[in-house]
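# Structural overview for review
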Amino acid sequence: MSSVILTGVRKQFGSIEVIKGIDLTIEDKELVVFVGPSGCGKSTLLRMIAGLEDVDYGSIEIAGQDVTERAPAARGVAMVFQNYALYPHMSAYDNLAYGLRRAKVASTEVDRRVRDAARLLQITDLLDRLPKAMSGGQRQRVAIGRAIVRKPEVFLFDEPLSNLDASLRVEMRSQIARLHRELQTTMIFVTHDQVEAMTLADRIIVLKGGRIEQVGTPRDIYHHPANLFVAGFIGSPTMNLFPAKVISQDGRQVALHLDSGPRVVVSGVAGSAAAGTNVTLGLRPEKLQVARAVDGVDKIQGEVTLAEHLGGETILHLSGPHGPMIVKCDEDFDQMPGLKVDVTLDMTGANLFDAEGQAIC
Amino acid sequence: MTTDLIRRRTAPRHLVSSIIYHCVMLLFAAIFLLPFYWMVISAFKSNIEIFSQPIAWFPDPIRWENVSALFARTDFPFLRQFANSVFYAGAVAFGTCFSCALAAYSFACLRWRGRNLVFAFTICALLIPPIVTFLPTYIGWSRLGLNGTYWPLILPSFFGDAFYIFMLRQFFLSVPRELMDAARLDGASEFRIWWQIVLPQVRVALVIVALFAIVYTWNEFFGPLIYLKTREDFPLSVGLFTFRSQRAVEWSISMMGATFTAVPMVVLFLFTQRFFQQGLATKGLK
């Protein structure tokens, strides 16, 4: 059982509290992704789990053992760093073997484990090379190999793909997912890239300002963000947010009057929304449709400011009466900047946030 | 037209300015090399030829016997003093590298309360002229009964030097922290991380520090003169001086001794200038 349990974990650097009380349970064999903007504390939290940063308050349990006071090497964790952190003066083989040698593993066993990991990661040919003679992707594979040979309870990845180019990133992402399936080990992955978070995670932990904003499956977090921050942070392109006023509530249905014009009805509202209160309607870019300007209900006028042609689809950036809007549309729907369009809102799966920014739908 | 296009472009040559530049540089090089050249040619002349008029810019004949004369002198145990110098400079270089690298690692790579304050105090030591502390230090060593030995000269180098600590710290700061973190996760102790992971990354800086320490110690005069008592214990710096002050007319043997004293430093620099250039380039880019 390689579960990780954080209880009331807090961390201060000088007078600044960077981790403000984290309670979290990561299940055995789960791949959890910490995601959040720069400075949200995700890397610090990972380093605290690794033992590279002291825990000021609270405790950390790994595989049922309280490891809060234990040295990094005694926690049963292995970490892959953003800049690979391979020892530059050692060959790939020695990099992989270093930790095992420190643990006084017999040399035959060291050799077997190093070669097994190398086979798994397809780096057998690189074992004699120094890190400087390898490409970024090869270095990252060696860094992952160094973590694998130690057979840790928990793998920790600190933005391991940020230094790779786009295509290599996709390849390494799928390799990490494959490794997770094959090794069946708990993994914690830190990233600021939400695509990585969405594609890799069993569960995503969204952090902001040293606090957890939401924990959930990628689908949950995408479709049911807990608050405006998560709604704005998760999803690429970001969710469209429309300021609105509640007209009336009928059971789980709420009628709204958008500041930008049309009246809409949101279904599935869990909380109560009194008439006249300010709320925010959230709609993903795929829930907006554009057509050349024609009068009608539920439409918002917009002007195309930028069209990003991605091949399979086009992302339109519009300026609307309440601010910018983003729409995903078909590639063949040709739009030129400056063109006036009507935006139709598809209210299925709409998100509604109260005046404090908390989700009520 | 076609010929113009296919002709390789060359950088514009400023021939006149280039000639002037090189002439000035050669002039300065000659001025700096002149004393060294004078020392070497004097070593192969007789005492009379050295001061003969007009000045002979090349020894004629070359007196190779001056070399054997130097090594045969009983009142100037050159080889013994050369060995003393090698031991003295080597021990100080080792002590300086060892202690300063440990201190610099602590200041740059470890986090502990009061680190910056202690570092500031260390740097303050640079402001204290060594001559101010010389007398109390001398009395201290005397009371320990270690005057007349190399201990007072070598042992302080094992307790760090503010300048070298500062210099090494700058190099240590450029070593990625993740390397040390990775080693900690691999179960290496702090000493092992310093020795096996960090020091190999700053070997250029270590060579430079060792070189500075060797050159400084090789030429060090005051300390050995005060602490050491016998001719057999002197390093070359003091040995050469005492020989010259006692045998003032024997210029050729003095110059031969000075040549043999200077040559190891020149050879050492030729072999290590690559590190100097690397070190300067590295620090220039930071």
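Coordinates for the structure precede this section.
Residues numbered from 1 in each chain as written. Chains lettered and ligands numbered in written order. Predicted model: local features only at pLDDT ≥ 70, side-chain atom pairs only at ≥ 80, totals over all residues. Heavy atoms only, no water.

This brings us to helix α9 (residues 162-173) of chain B. Residue and element names in this part refer to chain B. The first and last C-alpha atoms of α9 sit 16 Å apart over 12 residues, in line with the 16 Å expected at 1.5 Å per residue. Taken together, the buried positions of α9 are Ala 162, Tyr 164, Ile 165, Met 167, Leu 168, Arg 169, Phe 171 and Phe 172. Structurally, the start of α9 carries an N-cap: the backbone nitrogen of Phe 163 is 3.0 Å from a side-chain oxygen of Asp 161. (Helix = DSSP H or I, 4+ residues; strand = E, 2+ residues; numbered from the N terminus. Expected span 1.5 Å × (residues − 1). Buried < 20%, exposed > 50% of the residue type's maximum accessible area, 1.4 Å probe, protein only. Polar contact = N/O pair within 3.5 Å; in protein donor to acceptor, adjacent residues only side chain to side chain.)

Here the focus is a nonpolar patch on the surface. Residue and element names in this part refer to chain B. Together, Leu 15, Val 16, Ile 19, Ile 20, Val 24, Leu 27, Phe 28, Ile 31 and Phe 32 give the surface a local cluster of nonpolar side chains, amounting to about 950 Å² of exposed area. Note on placement: Leu 15 falls in helix α2 (residues 15-43). We classify Leu 15 as exposed; its relative accessible area is 61%. (Patch = residues over 30% accessible without salt bridge, like charges linked within 9 Å, V, L, I, M, F, W, Y side chains within 5 Å. Areas by Shrake-Rupley, 256 points an atom, 1.4 Å probe, with all protein chains shown as cover. Salt bridge = Lys/Arg side-chain N within 4 Å of Asp/Glu carboxyl O.)

All right, on to the side chain of Lys 42 of chain A then. All names here are of chain A. Inspection of the secondary structure assignment puts Lys 42 in helix α1 (residues 42-50). Lacking a salt bridge, the buried Lys 42 has Glu 159 as its closest oppositely charged neighbour, with an N-O distance of 4.1 Å. A distance of 3.1 Å separates a polar atom in the side chain of Lys 42 from the backbone oxygen of Gly 36. Contacts of Lys 42, omitting those with residues within four sequence positions, involve Phe 34, Val 35, Gly 36, Pro 37, Glu 159, Val 190, Thr 191, His 192 and Leu 207. (Lys, Arg positive; Asp, Glu negative; His and termini not counted. Contact = heavy atoms within 4.5 Å.)

What follows deals with the pattern of salt bridges. Counting across every chain of the model gives 21 salt bridges over all chains. Of the charged contacts in the structure, one is a salt bridge between Glu 30 of chain A and Arg 203 of chain A, with a shortest N-O distance of 2.5 Å. In this pair, Glu 30 of chain A sits in the loop between β2 (16-26) and β3 (31-35) while Arg 203 of chain A sits in strand β9 (residues 203-208), placing the two residues 173 residues apart along the sequence. Through salt bridges with shared partners, a single ionic network connects Arg 47 and Glu 53 of chain A together with Arg 111, Asp 181, Arg 184 and Glu 190 of chain B.

Residue and element names in this part refer to chain A. With six of six residues buried, strand β8 (residues 186-191) lies mostly within the body of the structure. Neither face of β8 is exposed, since Thr 186, Ile 188 and Val 190 on one face and Met 187, Phe 189 and Thr 191 on the opposite face are all buried. Examined bridge by bridge, β3 and β8 share five bridges and lie parallel to one another. Within β8, the position partnered with Val 33 by the bridge is Phe 189. Pairing between strand β7 (residues 154-158) and β8: five bridges, direction parallel. Bridge pairing in β8 places Phe 155 opposite Met 187. (Pairing = 2+ DSSP bridges.)

This is a description of form; function is not addressed.
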